[in-house]
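Letter by letter, the chains look like this.
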Amino acid sequence: MKGNSYLPRKLHSLLGVIPLGLFIVEHALTNYSAFEGGQEGFSDAIHLLNSLPLIFFMEMFIIWLPILFHGVYGLYIAYQSDLNTGRFSYGRNWAFAWQRITGVITFIFVAWHFYDTRIQLALGNVSHEELGQHMNNIFSNPWAIAAYTVGVLAATFHFANGLWAFLVSWGITIGPRAQKISSRICMGIFVILAAMFLLSIFAFRSDEFATAASAALSAVSVG
Amino acid sequence: MSEATAAAPTASATGRKVKFIITRRERPDAPSFTEEFEVPYRPNMNVISALMEIQRNPVNAKGQKTAPVCWESNCLEEVCGACSMVINGKPRQACSTLIDKLEQPIRLEPMSTFPIVRDLVINRERMFNALKKVKAWIPIDGTYDLGPGPRMAESKRQWAYELSKCMTCGVCLEACPNVNDRNSFIGPAPISQVRLFNAHPTGEMNAHERLEALMEEGGIEGCGNSQNCVRSCPKGIPLTTSIAAMNKDTTKQLFKQWLGL
Ligand code: HEM
Ligand code: SF4
Ligand code: FES
């Protein structure tokens, strides 16, 4: 590669946390509302999001373009590493390897998940009110549950461990003590985010989501 | 000590052998192959003394005469870095690796992150080029006598001494998953040297030049935080702390450039 990769690498690192890290936290909270508030909680959360101004441009600049750059450049970064956990089986080297493996899994998962949900919305095959039912439908297939579980674990690990790396890459956590503490905190973030996503998969499977939007829901979307 | 000397004749009398499997190649572009050797055991021998034994009597385990195995070494006390090789899977110095502490058969391989010259001899030129690139020295020459420089506090000198122990041995580059043909990462050692020379009261005057060198293609950005380097460095240099500290300083330098400071 010719040219200087310093700035693209810095941008890649920054985008991973701002905005993508913020997005994954927002996404976890929205989905978790399905677990906590059921059909109604979820549709309220969806409604709130879609009432934000310029939502299309926000999606474009906060989610799609950053994930496209970070994802494609991330694949290239992964290609540039020779994983050597066989010779050096230290914890951090495993985390390094998993950061790359989960990056690739996340790439495939996000492409599929995006097609399954956002593209279907754009095509008019699903409406915002039907999203809960749509997810219920998807999860009637055990293979889809397995794939979503893997995808969710990969994406949340990738973000949490990436946050740890981000703090090193920008010189925020410098000494071994600071890095050890931040790694505990980041693994805590992994567990919490992963639990929230997995619980929402569990919630979408319930019969409550099996039927189309309830009367209460249509009232919300009209109002 | 006297016990060890007394034990020596007994050990060789028992005819104990040390078994080696060595990865060899005849020329830089030749294919590599492995050859086995059995070397008579002597107490306290290290990998270099075993290689010297093979040189003295170049016969492989099958009893065939073969070309003596080539290696590089100088100081024989783990300060020059020349004898680095992969011993039982881990890169380290052959001179300070004692046979008694190794599992047998002992596998010797060249550090293949570097161009292989012959057998266990590698070319570490890229490390010296990296030191030139980051200007790992203190410029003190002028057209006139510049006078004495500022003093370094003793406490800081002691701290900096730890970083100055680097012998450019290449172990940290061999351990790093991001030092390879597809990646332009400069490697841990020269980044730590920037930290060392930027900490010096006179070297500090050119700190920005070294930081800018780290911000060029093939600089600090290739680090992916596997942290194998700090676990592998024979000198115990806090490489990952140096890298994070230089991440901080290059980030600051970036903002200075943008703001035109
Ligand atoms: C779409 C597919 C993705 C791929 C292929 C990918 C790939 C990568 C790779 C290879 C790295 C390692 C960089 C390094 O350590 O040098 C990385 C770092 C990171 N990724 Fe991703 N990633 C993807 C998606 C995401 C998403 C969705 C997020 C956020 C939720 C994210 C957040 C991060 C963070 C925070 C880092 C750490 C940045 C740093 O090292 O400073 N990534 N990514
Ligand atoms: S930092 Fe340590 S491992 Fe790396 S070259 Fe210097 S002495 Fe060798
Ligand atoms: S010969 Fe100098 S380090 Fe081994």
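Residue indices begin from 1 for each chain and proceed along its sequence in written order. Written order determines the labels here, with chains lettered from A and ligands numbered from 1. Totals for whole chains, interfaces and linings use every residue, but because this is a predicted model, local features are given only for residues with pLDDT of at least 70 and side-chain atom pairs only at 80 or more, for both listing and counting. Hydrogens and water molecules were not included; the side-chain quantities draw on all heavy atoms of the structure.

*Asks:* Can you break down the overall build of chain A residue by residue, with the values?
*Replies:* The way it works is that DSSP assigns letters per residue, a run of H or I at least four long becomes a helix, a run of E at least two long becomes a strand, and they are numbered from the N terminus. Counting secondary structure elements, chain A contains eight helices and zero strands. Going residue by residue from the N terminus, the α and β elements of chain A occur as α-α-α-α-α-α-α-α. What you see for chain A is a C-alpha radius of gyration of 19 Å, in line with the 17 Å of a compact globule of 223 residues. Relative accessible area decides the class of each residue, using a 1.4 Å probe on protein chains only: under 20% of the type maximum gives buried, over 50% gives exposed, and in between gives partly exposed. Considering chain A as a whole, with its 223 residues, one finds that 46% of them fall into the buried category. Restricting the contact set of chain A to residue pairs at least 6 apart, pairs at least 24 apart contribute 75%. Asp and Glu count as negative and Lys and Arg as positive, but His and the ends of the chain are not part of the count. A charge is said to be at NZ when it belongs to Lys, at CZ for Arg, at CG for Asp and at CD for Glu. When the 11 basic and 11 acidic side-chain charges of chain A are each reduced to a single mean position, those positions are 29 Å apart. The quantity called the radius of gyration is restricted to C-alpha atoms. Its globule counterpart is 2.2 Å times the number of residues to the power 0.38. For this analysis, residues touch if any pair of their heavy atoms sits within 4.5 Å.

*Asks:* An account of empty space enclosed by the protein is needed here, citing residue identities and associated values.
*Replies:* Residue and element names in this part refer to chain B. A cavity, in this analysis, means grid points on a 1 Å lattice covering only the protein atoms where a 1.4 Å probe fits yet has no way out; a pocket is instead an open set bounded by protein on both sides within 12 Å along at least five of seven lines, and a residue lines either one if it has an atom within 4 Å of a point. Grid points are joined across faces, edges and corners, and a volume is the space filled by probe spheres set on the points. Summed over all chains, the structure comprises three cavities of 30 Å³ or more. Volume-wise, the largest cavity comes out at about 130 Å³. Every residue lining the largest cavity is counted, 17 residues in all, and those nearest its centre are C223, N225, S226, Q227 and C229. When residues of the lining of the largest cavity are traced back to their parent elements, those giving at least two are α8 (228-232) and α9 (239-259). Note on residue classes: Ala, Val, Leu, Ile, Met, Phe, Trp, Tyr, Cys and Pro are nonpolar, Asp, Glu, Lys and Arg are charged, and everything else, Gly too, is polar. Taken together, the residues of the lining of the largest cavity sort by class into nine nonpolar, eight polar and no charged. Considering only enclosed or pocket space, the second largest cavity measures out at about 90 Å³ in volume.

*Asks:* Lay out the site of ligand 1 in plain terms, naming residues and giving numbers.
*Replies:* We call a residue near a molecule or strand when any one of its heavy atoms sits within 4 Å of it. Looking at ligand 1, there are 24 residues lining it, with R9(A), S13(A), H70(A), H158(A) and G162(A) nearest. Chain contributions to the surroundings of ligand 1 come from chains A and B. Note that a nitrogen atom of ligand 1 is positioned 2.7 Å from one of the side-chain N or O atoms of H70(A). A distance of 3.2 Å separates an oxygen atom of ligand 1 from a polar side-chain atom of S169(A). Sorting elements by how many residues they give to the shell around ligand 1 places helix α6 (residues 142-169) of chain A first, with seven residues. Within the shell around ligand 1, the residues separate by chemical class into 10 nonpolar, 12 polar and two charged. Whenever two N or O atoms come within 3.5 Å, that pair is a polar contact, provided that in protein one can donate a hydrogen and the other can accept it, and provided that, for residues adjacent in sequence, both atoms are side-chain atoms.

*Asks:* Mind laying out the interface of chain B and chain A, listing which residues take part and the relevant values?
*Replies:* Contact with chain B, which involves 37 residues of that partner, is made by 32 residues of chain A. Between chain B and chain A, roughly 3,000 Å² of surface is buried when both sides are summed, and carbon and sulfur atoms account for 49% of that area. Values labelled buried area give the accessible surface lost by two parts on being combined, using a 1.4 Å probe and summing over both. When the buried surface of chain B facing chain A is broken down by residue, R182(B), E221(B) and N225(B) rank first, second and third, together holding 21% of it. In what follows, salt bridge is the name for a side-chain nitrogen of Lys or Arg lying within 4 Å of a carboxyl oxygen of Asp or Glu. Viewed at the interface, chain A and chain B are joined by two salt bridges. Between R182(B) and D82(A) there is a salt bridge, with the nearest N and O atoms lying 2.4 Å from each other. Across the contact surface, chain B and chain A share 21 residue pairs in polar contact (both at pLDDT 80 or more). Only β4 (90-93), α5 (171-175), α8 and α9 of chain B provide two or more residues apiece to the side of chain B that touches chain A. Counting residues per element, the side of chain B that touches chain A draws most heavily on α9(B), at 10 residues. The residue inventory of the side of chain B that touches chain A, partitioned by class, reads 13 nonpolar, 16 polar and eight charged.

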